Amino acid sequence: MRKMLKFNLIKSLKISLSIILLFAIYLSYIGGYGSDEDTLPMIGVFEAILNSGGIMTSRFTGYPVAEFGIGFLSHFFGSFIANLFTFSLLLVGLFFLYLTFFEKISKKIFLIFFVLSLSNPVIFFENLEPIDYSWSLAPFSIGCFFYKKKKYELAMLFFAVSIGARLNFGLFIIFFILFFINKNLNLKRKISFIISTLIFGSLFYLPTWYTHQFGFEWLTAARPTDQGFFGLFARFLYKNIHLLTPLSFIFIIFVLIKLNKFGKIFQKKNEIYLYIILSNLLLFLWIPAELSYLLLGLIMFYILLIKNFEEKIIISIIILNLSSWVIQPDFLRIIYKNKINKCSPSQAIGAKFEIYLKRGAIQNYLETRDMIKCWVDVDTDRGNKILKGEALR
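Everything in this summary refers to the structure shown in the same document. Every value quoted in this text rests on a predicted model; they were computed, and no experiment measured them. (Residues numbered from 1 in each chain as written. Predicted model: local features only at pLDDT ≥ 70, side-chain atom pairs only at ≥ 80, totals over all residues. Heavy atoms only, no water.)

Right, let's talk about a nonpolar patch on the surface for a bit. Taken together, the side chains of L178, L187, I191, I195, I199, F200 and L203 define a hydrophobic patch exposed on the protein surface, amounting to about 640 Å² of accessible area. Per-element accounting of the nonpolar patch gives the leading share, five residues, to helix 10 (residues 187-202). Tracing the sequence through the fold places L187 in helix 10. (Patch = residues over 30% accessible without salt bridge, like charges linked within 9 Å, V, L, I, M, F, W, Y side chains within 5 Å. Areas by Shrake-Rupley, 256 points an atom, 1.4 Å probe, with all protein chains shown as cover. Salt bridge = Lys/Arg side-chain N within 4 Å of Asp/Glu carboxyl O. Helix = DSSP H or I, 4+ residues; strand = E, 2+ residues; numbered from the N terminus.)

Written as structure tokens, this is what we have:
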């Protein structure tokens, strides 16, 4: 009977993963260039280099690897390939994180890890758009795998590419190298490896540094400091609850308290996960903006749960995650200033506690597909191509 239950679990996970992946392909096809205002500037960076050789950045720091990759795919192939490739990089990242942090290769654990990760609406839906989060996650994960296998030159190469895709991954690389158990490298050699990796990764940003006349103001980013520390922290806490989804968050806290798992979670063997999660949370506290900033920390948290919780608890979290795709409870109604339409700027001016149900992740994804029109000139040929998700060449 137990063997039959195990087989049924694996079969159910396989079916679930297959449906999720097929759904991802479909959404990549219909999703167009997405709802993120940073996508078009990233494409613009590639086109500026292609057309005039000019150097620019999509945001303050710029993310050269992702800007070039997303720009290339969008320019020559269109939104479907750009979306699908971005999502494929997420899968690559998850695969190599699994190989790195799970000691034994197990089909069941592999399926649980993948389904749990992809059931989270932030991990799934945010990586179905041509944006840079998975472009840094994949090389970071591959670098972790090669580091584990003592292929240090290859590890350094992929870590550098990860930094070139998102600069903040340099911090995660530091914690990974310092706390990943590796008897071949003492602290002195680890520090040498870290310094070399950071130098090579920083080379991607030399053109930006040149254009700013060797200044460092491009390393900063706008922060919502007008809200004060309390406002920042409240925003940070609220978004973290929604990162896990409210029902999953409540369930996880309940299980941790009921099973008295807090002590087990904070054991020394888990310190590498905890340090990466903590560093990711501190970065998000500094700028509590997009939930996808917490992508790596969230995946590490799920690895921690799988290693410390029973299967039935993980399956329950998966079910709660998937329920948020359809409908999601909330406890805080945000009040926005002058929110006339989708394209008008969103400026939160207040909030009130109120329990209500809001649209799920699927409906939210579908209803934001036309957001891209807010940032294009619809009367131009290029604007029409963007609205239709076509190649921009």
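Below, the discussion takes up the packing of aromatic side chains. The full count for this structure, using the stated rule, is 49 aromatic pairs. Relative to F176, the ring of F101 has its centre 6.0 Å away and its plane inclined at 85°; by these criteria the two rings are edge-to-face. Here F176 lies in helix 9 (residues 169-179) and F101 lies in helix 4 (residues 79-101), a separation of 75 residues in the sequence. The buried category is assigned to F101, whose relative accessible area is 2%. Measuring from ring centre to ring centre gives 5.6 Å for F140 and F169, while their planes differ by 70°; the resulting arrangement is edge-to-face. (Phe/Tyr/Trp six-rings, centres within 6.5 Å; stacked < 30°, edge-to-face > 60°. Buried < 20%, exposed > 50% of the residue type's maximum accessible area, 1.4 Å probe, protein only.)

Looking at where F110 falls in the secondary structure, it is placed in helix 5 (residues 107-119). The class for F110 is partly exposed, based on a relative accessible area of 21%. Remark: the alpha-carbon pair of F110 and I10, spanning 100 residues in sequence, is separated by 10.0 Å. Not counting chain neighbours up to four residues away, the residues in contact with F110 comprise F95 and Y98. (Contact = heavy atoms within 4.5 Å.)

This brings us to the pattern of salt bridges. A side chain with one charge may pair with a side chain of the opposite charge, provided their charged atoms come close. Enumeration according to the criterion identifies twelve salt bridges in this entry. Among the salt bridges present, the one from E47 reaches R382, with a minimum N-O distance of 2.7 Å. In this pair, E47 is assigned in helix 2 (residues 39-52) and R382 in helix 19 (residues 381-388), connecting sequence segments 335 residues apart. For R382, a relative accessible area of 33% corresponds to the partly exposed category. The salt bridge involving D381 is made with K385; its shortest N-O contact spans 3.6 Å. Taken as a pair, D381 and K385 lie in helix 19 at a separation of four residues, close to a single helical turn.

This paragraph deals with the nonpolar core. F113, F140, Y147, F159 and F176 are the most contacted members of the largest nonpolar core, which totals 103 residues. Apart from residues lying up to four places away in sequence, Y147 is in contact with Y152, A155, F159, F176, I177, F180, N182, L185, K190 and F193. (Core = buried A, V, L, I, M, F, W, Y, C linked by side-chain atoms within 4.5 Å.)

Here helix 5 crosses helix 17 (residues 311-323) at 30°, and the two axes come no closer than 9 Å. Classified by the angle between their axes, helix 5 and helix 17 sit roughly parallel to one another. Remark: the crossing between helix 5 and helix 17 carries left-handed chirality. Contacts from K108, I112, V115, L116 and S119 of helix 5 reach helix 17 at E311, I314, I317, I318, N321 and L322. Classifying every residue of the contact of helix 5 with helix 17 by side-chain character gives seven nonpolar, two polar and two charged. (Axes fitted to C-alpha atoms, helices over the stretch in contact; angles between N-to-C directions. Parallel < 35°, antiparallel > 145°, perpendicular 65-115°, else oblique. Left-handed = near helix turned anticlockwise from the far one by under 90°. Nonpolar A, V, L, I, M, F, W, Y, C, P; charged D, E, K, R; others polar.)

Locating N83 in the fold gives a position in helix 4. Side-chain polar atoms of N83 contact the backbone oxygen of G32, separated by 2.8 Å. The contacts of N83, once residues within four sequence positions are left out, are S28, G31, G32, N127, L128, E129 and P130. (Polar contact = N/O pair within 3.5 Å; in protein donor to acceptor, adjacent residues only side chain to side chain.)

Another aspect to go through is unusual backbone geometry. With phi around 65°, K150 is a residue other than glycine that occupies positive phi space. Looking at the secondary structure, you find K150 in the loop between helix 7 (133-148) and helix 8 (152-165). The backbone phi angle of T245 is positive, close to 75°, even though this residue is not glycine. Its location among the elements puts T245 in the loop between helix 12 (228-244) and helix 13 (246-258).

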